[in-house]
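A closer look at the structure
Take a look at the letters that make up each chain.
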Amino acid sequence: MLYTDLNKDIDVGSSAHLIEFGNFKALVDCGMHPKKMGLEALPDFSKILDDSLDFIAITHAHLDHCGALPVLLRRQRNARVLVSEESRELMFKMLRNSRSVMARQREEYDIKEYPLYENSELDRIVEQLTPMAFNRERMFEINGDKVKITFLPSGHIPGASSIVFEHNKKKYYFSGDISFNDTNLLKGAKQIDEKIDVLITETTRGQRERIEFADCESEEQRLITSISHVIKDGGNVLIPAFALGRMQEVMLIIAKAKAQKIIPEKTPVFIGGLGVDIAEHLIKLSKTSSYVNFTKKTLDDTKVLRGKIEVGKDFDEKGIYILGSGMMVENTPAYIAASAVMNDSANAIFLVGYCDPKTPAGRLMKTPPNGDFAFRDLFFVGTLNCKFDKFDLTSHADRDELLEFIMRKDPRCVILTHGSEASREWFMYEIFDRLPNTNVVIPNPSETYDL
């Protein structure tokens, strides 16, 4: 197999893996870099000739894995787009929302090429789409050459997949973003313990020791206890959350805490934006998927936040506000809401996932209690008087779990991707020690490896 990582840097970035074996040429994932804008956010598509791909397989609906798909399909009119049945509608919702965000950013940041695609171009995805059922291998053939492709649930977000390609009795396994633990929303990955030849794996949490964070269950308990204290003291709680997956998980955690009377049952819970649309879809998905659990009652017990959030003005109705985005990116509801709640010591801002240090949420983590925080684009400076904490409700396997997974697979070769250089190096040295006969590759951007 020939392998090329098309992400332009050694980081989490824009997931895109070009593979070639036999008569087949495929791309696994086609993401947009979350920290870049314009054409710089795209993978290195120069390595892909027009109409050369047979498959574009998408592991899940986060934009760093699927956001560039409409752009690439202009040049790949014959490629089949493979995506899990559970991810199909979620992917379209994320792409439509991304297009709307880019249209706004064109004016805000004077990015002439935005939006990178029109909603009408999403029709091409529909025309080329092949939905894949979980745990059911499918055979594809080109000029007598055959490949078996299997999508396996990876437990990261609803619809997220690991993907296995089997060709000439060799197995190439893409972990995608993966989590082995069951949550309130989703069953964790249950992978078969079979030997494979090449494993391409994420390394997101390679820099974090297991001892640095508690398990999800104890973090969940700590979160609801903290929320309860704030609500009983008459404050508002702001929880910035990613619209797909994290927001719905937090909704379920709060619903459970209300049922257990840890949080007062009548406490209003507000959500907004894309997360509402996704929650409505997950209700439908739960009826047909054995992996997703999200009920209509959970959504009915929340309120949709109406009206404009005023900069620096606290919410009139006391309650819990679960708003996008998780990293409080500029001009998102959570970002503006932070300016509204932070000045009052009765309130709280609780982060529930990873925050890049350069994002507003990452900068807020470095702000000392009672320190000033500048919302530069809002022309406002707030003071962090409110309670502030971070809870590790991760949707990625921790590094020890992932290392154990690699050991069980006992691959001939491991390719370390989708993580910082330090994260990848941790895995590399651990694999050298434990699997000395395994070849380990940290791929340089756009360099091709013969495996």
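Preceding this paragraph is the structure being described.
Now for a quick tour of the structure. Model, not experiment: these values are computed from the prediction. (Residues numbered from 1 in each chain as written. Predicted model: local features only at pLDDT ≥ 70, side-chain atom pairs only at ≥ 80, totals over all residues. Heavy atoms only, no water.)

Overview of the sheet that holds strand E8 (residues 145-153)
Heads up, the condition is: Only when DSSP finds a minimum of two bridges between them are two strands counted as paired. Elements are defined by DSSP. Helices are runs of H or I of four residues or more, strands are runs of E of two residues or more, and each kind is numbered from the N terminus. Interaxial angle, 0 to 180 degrees, is taken between N-to-C directions of lines fitted to C-alpha atoms, where a helix line uses only the stretch in contact. Throughout, a residue-residue contact means that at least one pair of heavy atoms, one from each residue, lies within 4.5 Å.
Sheet architecture is open: 7 strands sit in the order E7-E8-E9-E10-E11-E20-E21, paired in mixed fashion. A single partner strand is all that each edge strand has here, and the edge strands are strand E7 (138-142) and strand E21 (439-441). On average, each strand axis in the sheet is inclined to that of its neighbour by 20°, with strand direction left out of account. Pairing geometry for strand E9 (residues 161-167) and strand E10 (residues 170-174), over 5 bridges, is antiparallel. Bridge assignment links His-167 to a residue of E10, and that residue is Lys-170. On top of the sheet, helix H11 (residues 399-409) reaches E10, strand E11 (198-202) and strand E20 (413-417); it is set at about 175° to E11, its chief contact.

Description of the packing of helix H5 (residues 216-232) against helix H6 (residues 246-259)
This is how the line gets drawn: The scheme is simple: roughly parallel for angles under 35 degrees, roughly antiparallel for over 145, roughly perpendicular for 65 to 115, oblique for anything else. The crossing is said to be left-handed when, going from far helix to near helix, the turn is anticlockwise and less than a right angle, and right-handed when the turn is clockwise. All residues other than Ala, Val, Leu, Ile, Met, Phe, Trp, Tyr, Cys, Pro, Asp, Glu, Lys and Arg, Gly among them, are scored as polar; the first ten of these are nonpolar and the last four charged.
For the pair H5 and H6, the least separation of the axes is 10 Å and the interaxial angle reads 65°. Here H6 runs roughly perpendicular to H5, going by the angle between their axes. Both H5 and H6 take part in a crossing whose hand is right-handed. In contact with Glu-220, Ile-224 and Ile-227 of H5, H6 contributes Glu-249, Ile-253, Ile-254, Lys-256 and Ala-257. Residues that form the contact of H5 with H6 fall into these classes: 5 nonpolar, no polar and 3 charged.

Quick notes on the pairing of strand E5 (residues 80-84)
This is how it is decided: Here's how the labels work: a residue is buried when its accessible area is under 20% of the maximum for its type, exposed when over 50%, partly exposed in between, all with a 1.4 Å probe on protein chains only.
Of all 5 residues making up E5, 4 are buried, and the element is well covered by its neighbours. Sheet topology note: the strand E4 (residues 55-58)/E5 ladder contains 4 bridges and is parallel. If you follow Ile-56 over to E5, its bridge partner there is Val-81. As judged from the 4 bridges shared by E5 and strand E6 (residues 129-132), these two strands associate in the parallel manner. Looking across to E6, one finds that Val-81 is bridged to Leu-129.

Topic: the side chain of Thr-203
In plain terms, the rule: Any pair of N or O atoms that falls within 3.5 Å is considered a polar contact. Within protein, one atom must be able to donate a hydrogen and the other to accept it, and sequence-neighbouring residues count only if both atoms are side-chain atoms.
Locating Thr-203 in the fold gives a position in the loop between E11 and H5. Within the local environment of Thr-203, its side chain forms a polar contact with the backbone oxygen of Thr-417, the two atoms lying 2.9 Å apart. Residues within four places of Thr-203 in sequence aside, it is in contact with Leu-416, Thr-417, His-418, Gly-419, Ser-423, Arg-424 and Phe-427.

As for the sheet that holds strand E12 (residues 237-240)
If you trace the 6 strands from one edge of the open sheet to the other, you get E14-E13-E15-E12-E16-E19, paired in parallel fashion. For this open sheet the edge positions go to strand E14 (303-304) and strand E19 (387-390), each flanked by a neighbour on one side alone. Pairing of E12 with strand E15 (residues 320-323), which is carried by 4 bridges, proceeds in the parallel orientation. By the bridge assignment, Val-237 is partnered in E15 with Ile-320. Packed on one face of the sheet, H5 meets E12, E15, strand E16 (348-351) and E19 and runs near 170° to E16.

Section: the side chain of Asp-392
Along the chain, Asp-392 falls in the loop between E19 and H11. Using a relative accessible area of 6% as the deciding quantity, one classes Asp-392 as buried. There is a polar contact of 2.8 Å between the side chain of Asp-392 and the side chain of Arg-205.

Looking at the packing of H11 against helix H12 (residues 421-434)
The N-to-C vectors of H11 and H12 enclose an angle of 40°; their axes lie 11 Å apart at closest approach. Taken together, the axes of H11 and H12 lie oblique to each other. You can see that H11 and H12 cross each other, and the crossing is right-handed. Together, Arg-399, Asp-400, Leu-402, Leu-403, Ile-406 and Met-407 of H11 and Trp-426, Phe-427, Glu-430, Ile-431 and Arg-434 of H12 make up the contact between the two elements. Classifying every residue of the contact of H11 with H12 by side-chain character gives 7 nonpolar, no polar and 4 charged.

Some thoughts on the pattern of salt bridges
Short version of the rule: Any Lys or Arg side-chain nitrogen located within 4 Å of an Asp or Glu carboxyl oxygen qualifies as a salt bridge.
Overall, the coordinates contain 24 salt bridges when judged by the stated rule. Residues Glu-137 and Lys-148 are paired through a salt bridge, measuring 3.5 Å at the closest nitrogen-oxygen approach. Here Glu-137 is found in the loop between E6 and E7, whereas its partner Lys-148 is found in strand E8, with 11 residues between them in sequence. Looking at Glu-137, the relative accessible area reads 47%, which means it is partly exposed. The residue Asp-316 makes a salt bridge to Lys-313 at a minimum N-O spacing of 3.2 Å. Overlapping salt bridges, with partners in common, bring together Glu-137, Lys-148 and Glu-166 in one network.

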